[in-house]
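# Fold and contact review
Next come the chains, spelled out residue by residue.
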Amino acid sequence: MSEKPSVLFVCVHNAGRSQMAAAWLSYLAGDRVEVRSAGSAPADQVNPAAVEAMREVGIDITAQTPKILTIDAVKASDVCITMGCGDTCPVFPGKRYLDWVLDDPAGQGVEAVRPIRDEIRKLVEGLIEEIAPADPERTA
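Residues numbered from 1 in each chain as written. Predicted model: local features only at pLDDT ≥ 70, side-chain atom pairs only at ≥ 80, totals over all residues. Heavy atoms only, no water.

## Re the pattern of salt bridges
Inclusion rule: Salt bridges, as used here, are contacts in which a Lys or Arg side-chain nitrogen is within 4 Å of a carboxyl oxygen on Asp or Glu. A helix here means a DSSP run of H or I that spans at least four residues, while a strand means a run of E at least two residues long, and both kinds are numbered starting from the N terminus. Relative accessible area decides the class of each residue, using a 1.4 Å probe on protein chains only: under 20% of the type maximum gives buried, over 50% gives exposed, and in between gives partly exposed.
Applying the stated rule across the entire model yields eight salt bridges. The closest approach of N and O atoms between arginine 114 and glutamate 56, which form a salt bridge, is 2.7 Å. With arginine 114 in helix 4 (residues 110-131) and glutamate 56 in helix 2 (residues 48-56), this residue pair connects regions lying 58 residues apart in the sequence. Residue glutamate 56 is classed as partly exposed on the basis of its relative accessible area of 33%. Counted as one network, the salt bridges with shared partners bring together Glu56, Arg114, Arg117 and Asp118.

If you want it as structure tokens, here you go:
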């Protein structure tokens, strides 16, 4: 893994789970991790319920747009995480691949998206501890 690890979150539409995961990782790890998200069939916009659920915890993802999954994005990432949505990344040696099984927020209201948001936060926190733990010198 490079000095600054990079993570790619992948979900078919890149409109809900992967957008929330990317936002959590950026928010919680700051500049310690490079963050990407993409999908094989990107939606026209980020899921409004995901936008609202993240706004409730102080994270604004209104400026995000769904992006197409590219081979270059996978090549540039140390860790590729699919979100339990049946999407697959091209496989390259030396990459770490994970699949986080999460409910799909598509078509759901914000009440249904909140527990998905919270589960993603827990998974992201665990990932940060593995790939980019806080520097004890900076937190002391």
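## Observations concerning the packing of aromatic side chains
Put simply, the rule reads: The pairing test for Phe, Tyr and Trp rings, Trp by its six-membered ring, is centres within 6.5 Å, and the orientation test on the planes gives stacked under 30 degrees, edge-to-face over 60, and tilted for anything in between.
For the structure on display, the rule yields two aromatic pairs. A centroid spacing of 5.7 Å and a plane angle of 50 degrees characterise the contact between phenylalanine 9 and tryptophan 100, whose relative ring orientation is tilted. With a gap of 91 residues between them, phenylalanine 9 in strand 1 (residues 6-10) and tryptophan 100 in the loop between strand 4 (96-99) and helix 4 connect regions that are remote in the sequence. For the pair shown, phenylalanine 9 and tryptophan 100 are each scored as buried. Where tryptophan 24 meets tyrosine 27, the ring centres are 6.1 Å apart and the plane angle is 70 degrees; that geometry is what we call edge-to-face. Here the residue tryptophan 24 and the residue tyrosine 27 both occupy positions in helix 1 (residues 17-29), the gap between them amounting to three residues, near one helical turn. Residue class for tyrosine 27 comes out partly exposed when judged on its relative accessible area of 48%.

## A look at the packing of helix 1 against helix 4
Stated formally: What counts as an axis is a line fitted to C-alpha atoms, over the stretch in contact for a helix, and the angles between N-to-C directions run from 0 to 180 degrees. Note that the term roughly parallel is reserved for angles under 35 degrees, roughly antiparallel for angles over 145, roughly perpendicular for angles of 65 to 115, and oblique for everything else. The sense of a crossing depends on the near helix, which, turned anticlockwise from the far helix by less than a right angle, makes the crossing left-handed and, turned clockwise, makes it right-handed. Contact between two residues is taken to exist if any of their heavy atoms lie within 4.5 Å; hydrogens are not considered. For this classification, Asp, Glu, Lys and Arg are treated as charged, while Ala, Val, Leu, Ile, Met, Phe, Trp, Tyr, Cys and Pro are nonpolar and the rest, including Gly, are polar.
At a closest axis distance of 9 Å, the pairing of helix 1 and helix 4 adopts a crossing angle of 50 degrees. Viewed along their axes, helix 1 and helix 4 adopt a mutual orientation that is oblique. In this structure, helix 1 meets helix 4 at a crossing whose hand is right-handed. Contact residues: Arg17, Met20, Ala21, Trp24, Leu25, Leu28 and Ala29 in helix 1; Val113, Ile116, Arg117, Ile120, Arg121, Val124, Glu125 and Ile128 in helix 4. Taken together, the residues of the contact of helix 1 with helix 4 sort by class into eleven nonpolar, no polar and four charged.

## Brief notes about the sheet that holds strand 2 (residues 34-38)
Condition: Pairing between strands is defined by DSSP: at least two bridges between the two strands are required.
Read from one edge to the other, the open sheet built from four strands follows the order 2-1-3-4, with strand pairing classed as parallel. The sheet terminates laterally at strand 2 and strand 4, the two strands that pair on one side only. Here the average twist between neighbouring strands, direction ignored, is 20 degrees. The pairing of strand 1 with strand 2 spans five bridges and is classified as parallel. Within the sheet, the bridge partner assigned to serine 6 lies in strand 2 and is glutamate 34.

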